[in-house]
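Structure at a glance
Each chain, written out:
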Amino acid sequence: METQPYYRALMRNMMLIVILVSFAPLLLISALNEYRFENSYREKVIAHLMEVVQKHQQGITMFLNDKLAYVVNLANSVSYDQIKDETYLNHKLAILQKSYGGVFVDLGVVDDQGLQVAYAGAFKLEKADYGKTEWFKKAIHQNYYISDVFLGLRRQPHFIITVKQKHDGKDWILRATVDFEVFNALVESVHIGQTGSAFIINKEGEFQTKPRLDPKLSLEFQQKFISIRDFQDASKMNKPIEPDDIGMGTIDGKPFGDRGISVGNVNYAGRDFIYLITPLKDKEWILVYQQEDADAFSDLNQTRNLSIIILVIGGVSITVMAFLLSRKMVAHIKKADQGKEMMNEQVIEAGKLASVGELASGIAHEINNPIAIMVEEAGWIGDLLDEEDLVQCQNLEEFRRALSQIKTQGSRCKEITHKLLSFARKTDPRVREVLINDIIEEIVSISGQQAKYNNVKIVTHLDPDIPQVGASPSEMQQVLLNLINNAIDAIGSGGGNIEITSRRNGQYVTIDVADTGQGIPQAMMNRIFDPFFTTKPVGKGTGLGLSICYGIIKKMGGDITINSSVGMGSTFHIHLPAPKSENQNQQ
Amino acid sequence: MKTVVLLVDDEAPFVETMTKRLIKRDLTVISAYSGPEALTKLDQESHVDVVILDVKMPGMDGIDTLKEIKKTLPLVEVIMLTGHATIETGIEGMKLGAFDYLMKPCDIDMLLQKVQEARAKKDKHNEKIAQARIQEIALRHGV
């Protein structure tokens, strides 16, 4: 009972060790792989994104330069007078549209006051006054100008390319409108995965293209994002964005770096985004590529999830295995311990019996001689009493009674010493095949007289088919006689029954000796086979009978067990191993 | 003719009392307190009929003494007394030619009976030998 915690601790320790030893390398390898893989994969993904962004940056720049170059060409190749002619302008527009598709929407010639002097296109904007517009204010001071996207007079998003020329000391401007949709398509074509999209913003944070996905989120975010950047000072573009700038996460942006691209992470509305930012159009515009982290690294996440699942399944199975294994081991150990304990007990028991036996035989030898002398002396006195003429002696009868008492007690001593000796010595221990039933009948007939005298009926139920067992007949007699005598004593003067049953019980032949006596209290059960343990009144028993039986039966490879309840009686079961050959014969 | 008994035991009080009791029962008793002494007494008193011999004695024990007796005087009958009767000692004694064995303490009447039986056996043997002698002599004379 107190060993229970010991086994629990043992099991727990074994389980922990197994789990620890299995998990430690698993976790270490997983963590290492995960770390290495994630790093290199991230680098790859970002490198790829940078490649894409850079390509588009170059593409957009080329597009703009290309268009600008045509407009410049056009402006240089014609005179103001020629271009003022709307027919000629229309002709030029037709050529442009023919060679560039729908890129150029219209052409216009604007004088230094912002008045459109000639127009070719679909919007009927002849004589429009651009004098107050932002783009005109800028365009009039520069040789070339590309505007931001704006709605303008036509109320449609577009941007314009202007080239300033001089005629008669006065500036004039050739203005070409580039279709927003065409330009937008250029940027929109950048989409990777589910959430990867690109867009362009200007210094004010206004979209120059339509964001492909979730424009609201992007707009809201971009406004916050852009608000912290001072686009007025283009030099600051090369500074990394500080985490605090965003106030809602980190953006470990590097400066535009070797390739002019800044990479950063932003946490927005609980989602991680990766950002690649690169300047366009002399840093007036910014090309922004955004993608959700989870999307950009979806392969990585899938791999990670898979390995976590494998790890969890592996962990669970390791734990279960560790549990089962350690439980099994502990059960084995427990069983082995119990076996050892039992063995120890038996060894101690055997040792006890052996030492008691030696002691007993020594004592018996030493006591027998003095007793013999005492009995002889008493006999001698008896002889002398016969010789003397003591008729007148009043105490003659008392003398005779005393002498016979000495004789009786002497023979009682003899009996005790003989029992002690038979406990120690081996009464014809030669084993042969015996019929247990014969021995039982023999002993019952011997004990019959004594039983009748004690008002006890002995009933036998003998199975005629039980096999012969290997036993020493004299020892078996002794065992049965001891048990029957005990049973008679247990029944006492009130009378009762003794039932003796022989039966086959698997590999054993079992003899049951059941009495209707007083029973054995539970407290005495453990000591009942101990030498010199007796409950009989002084002088009635030596306390050796059952320990002799125990020794004999154990020596034969059998067992002796008791069922008893106080007041109801006791049953002794003797189990003797049936010989193997006999089993085969029976089959 | 009284039966002559040699009583051998290392326990002097036992020998003394037993001697008295046996004498009282019309036996001639010679006592000895050890194996060698018994053998010496046997040499001196050649008319001993029965030896009552204790098995357990210091020095030369009952079994050895029995062997010696049977070697020199095969016709003398021996009754063994043992502290405890084991079948083994009994059988061994019988094999060596003991007449019977008794457990100590023994009943005097039982002992007496055994002594008489032993005496009778010895007498019978002697008679046979005597007759054989007579026949031998007769035959010799006849020749």
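Please refer to the structure higher up on the page.
If you're wondering where the values come from, they're calculated on a predicted model, not measured in any experiment. Here, residues in each chain are numbered from 1, in the same order as that chain's written sequence. Each chain takes a letter, starting from A, and each ligand takes a number, starting from 1, following the order in which they are written. Local features in this predicted model are restricted to residues whose pLDDT is 70 or higher, and side-chain atom pairs enter the listing and the counts only when it is 80 or higher, whereas totals over whole chains, interfaces and linings include all residues.

1. What to know about the overall build of chain B
The condition that has to hold: Helix and strand labels come from DSSP, where a helix needs a run of H or I of at least four residues and a strand needs a run of E of at least two; each type is numbered from the N terminus. Labels follow a simple rule on C-beta atoms placed from the backbone: if 20 or more others lie within 10 Å of a residue's own, it is buried; if 12 or fewer, it is exposed; otherwise it is partly exposed.
Scanning chain B from terminus to terminus reveals five helices and five strands. Along chain B, from the amino end to the carboxyl end, the secondary structure elements read β-α-β-α-β-α-β-α-β-α. Expressed as a percentage of its 143 residues, the buried residues of chain B come to 36%.

2. Observations concerning the pairing of strand β8 (residues 271-280) of chain A
All names here are of chain A. Definition in use: The rule for pairing is simple: two strands pair if DSSP sees at least two bridges between them.
Most of β8 sits out of view: seven of its ten residues are buried. Looking at chain direction, β8 and strand β9 (residues 285-292) are connected through eight bridges and run antiparallel. What sits directly across from Leu280, in β9, is Trp285. Counted between consecutive antiparallel strands, the loop separating β8 from β9 contains four residues, among which Lys281 sits at a positive phi close to 50°.

3. So, the pairing of strand β1 (residues 3-8) of chain B
Residue and element names in this part refer to chain B. Formally: For the handedness criterion, the strands are oriented away from the viewer, and a crossover whose path from the first strand over the helix to the second runs clockwise is classed as right-handed.
A large share of β1 lies buried, amounting to five of its six residues. Note: β1 against strand β2 (residues 27-32), six bridges, orientation parallel. Its bridge partner being in β2, Thr3 is matched across the sheet by Leu27. Once the chain exits β1 it traverses helix α1 (residues 12-24) before rejoining the sheet at β2, and the crossover so formed is right-handed.

4. Comments concerning the sheet that holds strand β3 (residues 50-54) of chain B
Residue and element names in this part refer to chain B. To keep it simple, the criterion reads: Lines fitted to C-alpha atoms define the axes here, with helix axes fitted over just the stretch in contact, and angles between the N-to-C directions of these axes take values from 0 to 180 degrees. Think of it this way: build a C-beta for each residue from its backbone, and any pair within 7 Å is a contact.
Strand order in the open sheet made by the five strands is β2-β1-β3-β4-β5, with parallel pairing throughout. With one partner strand each, in any of the chains shown, β2 and β5 (100-103) form the two edges of the open sheet. For this sheet, the mean inter-axis angle between neighbouring strands, taken without regard to orientation, is 20°. Pairing between β3 and strand β4 (residues 77-82): five bridges, direction parallel. Paired with Val50 across the two strands is Glu77, which belongs to β4. Packing against the sheet, α1 makes contact with β1 and β2, and its axis sits at approximately 165° to β2.

5. Here's the deal with the packing of helix α11 (residues 436-453) of chain A against helix α12 (residues 473-491) of chain A
Residues and elements named next belong to chain A. Going by this rule: The handedness criterion is simple: a crossing whose near helix is rotated anticlockwise from the far helix by less than a right angle is left-handed, and one whose near helix is rotated clockwise is right-handed. Gly counts as polar in this scheme, as do all residues outside two lists: the nonpolar Ala, Val, Leu, Ile, Met, Phe, Trp, Tyr, Cys and Pro, and the charged Asp, Glu, Lys and Arg.
Put simply, α11 and α12 touch, their axes get as near as 10 Å, and they point 35° apart. Between α11 and α12 lies a crossing of right-handed hand. In this structure, α11 contributes Ile439, Ile440, Ile443, Ser447, Gln450 and Ala451 to the contact, and α12 contributes Pro473, Met476, Gln477, Leu480, Leu481, Ile484 and Ile488. Looking at side-chain class alone, the contact of α11 with α12 contains ten nonpolar, three polar and no charged residues.

6. With respect to the environment of Lys407 of chain A
Residues and elements named next belong to chain A. By the secondary structure assignment, Lys407 is in helix α10 (residues 396-424). Residue classification places Lys407 among the partly exposed positions, given that 17 C-beta atoms sit within 10 Å. Excluding residues that lie within four positions of it along the chain, Lys407 makes contacts with Val375 and Ala378.

7. Some remarks on the packing of α12 of chain A against helix α14 (residues 545-555) of chain A
All names here are of chain A. Close contact between α12 and α14 brings their axes to 9 Å; oriented N to C, the two are set at 145°. Helix-helix and strand crossings are classified by hand; for α12 and α14 the assignment is left-handed. Taking contact as the criterion, the partners of Glu475, Gln478, Val479, Asn482, Leu483, Asn485 and Asn486 in α12 are, on α14, Gly545, Leu546, Ile548, Cys549, Ile552 and Ile553. Taken together, the residues of the contact of α12 with α14 sort by class into seven nonpolar, five polar and one charged.

8. Brief notes about unusual backbone geometry
The residue Asn455 of chain A is not glycine, and still its phi comes out positive at about 65°. The phi dihedral of Asp26 of chain B is positive, around 70°, even though this residue is not glycine. Looking at the element boundaries, Asp26 of chain B is found in the loop between α1 and β2.

9. So, the sheet that holds strand β4 (residues 158-167) of chain A
Residue and element names in this part refer to chain A. Pairing is antiparallel in the open sheet, where five strands are placed in the order β2-β1-β5-β4-β3. The outermost strands of the open sheet, each flanked by one partner alone, are β2 (116-120) and β3 (144-146). Strand-to-strand twist in this sheet, taken as the mean axis angle between neighbours without regard to direction, amounts to 15°. In terms of strand pairing, strand β1 (residues 104-111) meets β2 through four bridges, oriented antiparallel. Opposite Leu107, over in β2, you have Ala120 as the bridge partner. Strand contacts of helix α5 (residues 180-188): β4 and β5 (170-179), with the helix running at about 60° to β5, the strand carrying the most contacts.

10. Thoughts on the interface of chain B and chain A
Taken together, the contact between chain B and chain A spans 16 residues of the former and 19 residues of the latter. Sorting elements by how many residues they give to the side of chain B that touches chain A places α1 of chain B first, with seven residues. Taken together, the residues of the side of chain B that touches chain A break down into six nonpolar, four polar and six charged.

11. Remarks on the environment of Ala118 of chain A
Residue and element names in this part refer to chain A. In this fold, Ala118 is placed in strand β2. Its 22 C-beta neighbours within 10 Å are what place Ala118 among the buried residues. For the pair Ala118 and Glu86, spaced 32 residues apart in the sequence, the C-alpha separation amounts to 5.7 Å. Not counting residues within four places of it along the chain, the set of residues in contact with Ala118 comprises Ile83, Lys84, Asp85, Glu86, Leu89, Gly108 and Val109.

12. Here we look at the nonpolar core
Side chains of nonpolar character tend, in soluble globular proteins, to be buried together. Cut-off, in case you're wondering: Connectivity within a nonpolar core runs through C-beta atoms within 7 Å, and the core itself is a set of buried Ala, Val, Leu, Ile, Met, Phe, Trp, Tyr and Cys residues.
Counting 39 residues, the largest nonpolar core has Val479, Leu480, Leu483, Ile484, Ala487, Val513 and Cys549 of chain A as its most contacted members. The greatest single-element share of this core, amounting to nine residues, is contributed by α12 of chain A. Once residues lying within four places of it in the same chain are set aside, the contact partners of Ala487 of chain A are Ile498, Val513, Asp515 and Gly517 of chain A. Of all hydrophobic cores here, the second largest spans 37 residues; its members include Ile69, Met80, Tyr101 and Val115 of chain B.

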